[in-house]
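Observations on the model geometry
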Amino acid sequence: MPERRFTPDRATYIRAHVLLAVVGGIAATVVLYAIGNPHGWVGIVAAILGIGLRGAYLKSEELGHVWTLTETDIEGPGGQRIPLASIEKVRVIGSAAQVITHDGHKHLIKFLAEPAAAKAAIQAALPRRAG
């Protein structure tokens, strides 16, 4: 099996942050108006600015996180290594593939253009269990 790389997608990263800013901004505005604040509109402005600045600041770091599927492991940023034999479940959460190990550790392979394809590739590489 050749190595397969899972790289973050820039458009997916931007889309995720825009969605988070809009949903967070609407929620903040509703809460502010609900508690009687006459300037509730500030909630959406603050959310868009805050999430936009955070997204811009972390973009190069997040888009640099590459995961590699090998014959025996999934290797990730910061020297992370997940042995395929230790993987219990793989699922899709938004634009991420979540890898869950038998001992409960969870790893997110984030901002994928096709997270379902990453899930399928990882599941296909898992060793078959007798039973």
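About the cut-offs
- Each chain has its residues counted from 1, following the order in which its sequence is written.
- For this predicted model, a pLDDT threshold of at least 70 governs which residues receive local features, and a threshold of 80 or more governs which side-chain atom pairs are given and counted, while totals over whole chains, interfaces and linings are taken from all residues.
- Only hydrogens and water are set aside; all other atoms, that is, all heavy atoms of the structure, feed into the side-chain values.
- Pairing of aromatic side chains here covers Phe, Tyr and the six-membered ring of Trp, requires ring centres within 6.5 Å, and sorts the geometry by plane angle: under 30 degrees stacked, over 60 edge-to-face, intermediate tilted.
- Helix numbers and strand numbers start at the N terminus; a helix is a DSSP run of H or I with at least 4 residues, a strand a run of E with at least 2.
- Each residue is placed in one exposure class: buried if its accessible area under a 1.4 Å probe, protein chains only, is under 20% of its type's maximum, exposed if it is over 50%, and partly exposed if it falls in between.
- Directions drawn from the helix axis to the C-beta atoms are what define this arc.
- We call two residues in contact whenever any of their non-hydrogen atoms come within 4.5 Å of each other.
- The criterion is simple. A nonpolar core is a set of buried Ala, Val, Leu, Ile, Met, Phe, Trp, Tyr and Cys residues joined through side-chain atoms within 4.5 Å.
- Strand pairing follows a simple DSSP-based rule, namely that at least 2 bridges must link the two strands.
- Note on geometry: axes are lines fitted to C-alpha atoms, helical ones only across the stretch in contact, with angles between N-to-C directions running from 0 to 180 degrees.
- To count toward a patch, a residue needs a relative accessible area over 30% and no salt bridge; like charges are then connected within 9 Å, while nonpolar side chains (Val, Leu, Ile, Met, Phe, Trp, Tyr) are connected within 5 Å.
- Throughout, the Shrake-Rupley method with a 1.4 Å probe supplies accessible areas, and for residues the shown protein chains are the sole cover considered.
- Throughout this description, the term salt bridge denotes a Lys or Arg side-chain nitrogen within 4 Å of a carboxyl oxygen of Asp or Glu.

So, on to the packing of aromatic side chains. All told, the structure shown has 1 aromatic pair when counted by the stated rule. Taking the centre distance of 4.8 Å and the plane angle of 75° together, the rings of tyrosine 13 and phenylalanine 111 count as edge-to-face. Of this pair, tyrosine 13 sits in helix 1 (residues 10–34) while phenylalanine 111 sits in the loop between strand 7 (106–109) and helix 3 (115–125), and the two are 98 residues apart along the sequence. The two residues tyrosine 13 and phenylalanine 111 agree in class, both being buried.

For the rest of this paragraph, the subject is helix 3. Side chains of residues three or four places apart in an α-helix project in the same direction, reflecting 3.6 residues per turn. Within the span of helix 3, buried status applies to Pro115, Ala118, Ala121, Ile122 and Ala125. Looking straight down helix 3, one finds that the buried residues subtend no more than 120° of arc, so they occupy a single side. Seen from the open side of helix 3, the exposed residues pointing more than 90 degrees away from its buried face are Ala116 and Ala124. Each element contacted by the buried residues of helix 3 is listed here: strand 1 (4–6), strand 2 (67–69), strand 3 (73–75), strand 5 (87–93), strand 6 (96–101) and strand 7.

With that settled, consider the nonpolar core. Counting 17 residues, the largest nonpolar core has Phe6, Leu69, Ile74, Ile87, Ile109 and Ile122 as the members making the most contacts within it. Where this core is concerned, the elements lending two or more residues are strand 2, strand 5, strand 6 and helix 3. Among the elements that make up this core, the one with the highest residue count is helix 3 (4 residues). Every residue in contact with phenylalanine 6, bar those within four places of it in the chain, is listed here: His65, Val66, Trp67, Leu69, Ile109, Leu112, Ala118, Ala121 and Ile122.

Now for the sheet that holds strand 1. A sheet is described by the order of its strands in space; here 4 strands give the open sequence 1-2-3-4, paired in antiparallel fashion. The sheet terminates laterally at strand 1 and strand 4 (81–83), the two strands that pair on one side only. Within this sheet the neighbouring strands show an average axis-to-axis angle of 20°, counted without direction. Here strand 1 pairs with strand 2 via 3 bridges, running antiparallel. Looking across to strand 2, one finds that arginine 5 is bridged to threonine 68. Contacts from helix 3 reach strand 1, strand 2 and strand 3 within the one sheet, and its direction differs from that of strand 1 by about 140°.

Taken together, the side chains of Ile14, Val18, Val22, Ile26 and Val30 make up a nonpolar region of the molecular surface, amounting to roughly 410 Å² of accessible area. Following the sequence through the fold, isoleucine 26 ends up in helix 1. Look at isoleucine 26 and you get partly exposed, because its relative accessible area is 46%.

Before going further, it helps to spend a moment on the pairing of strand 5. Pairing geometry for strand 5 and strand 6, over 6 bridges, is antiparallel. Bridged to valine 90 within strand 6 is valine 99. In this structure, the hairpin formed by strand 5 and strand 6 is closed by a connection of 2 residues, where glycine 94 is found at a positive phi of approximately 60°.

Neighbouring strands of a sheet are bound in pairs by backbone hydrogen bonds; such pairs are parallel or else antiparallel. An order of 5-6-7 is seen for the 3 strands of this open sheet, with the pairing classed as antiparallel. Strands at the two margins of the open sheet, each flanked by one partner only, are strand 5 and strand 7. Adjacent strand axes in the sheet meet at a mean angle of 20°, parallel and antiparallel pairs treated alike. Running at roughly 170° to strand 5, helix 3 makes contact with strand 5, strand 6 and strand 7 of the sheet.

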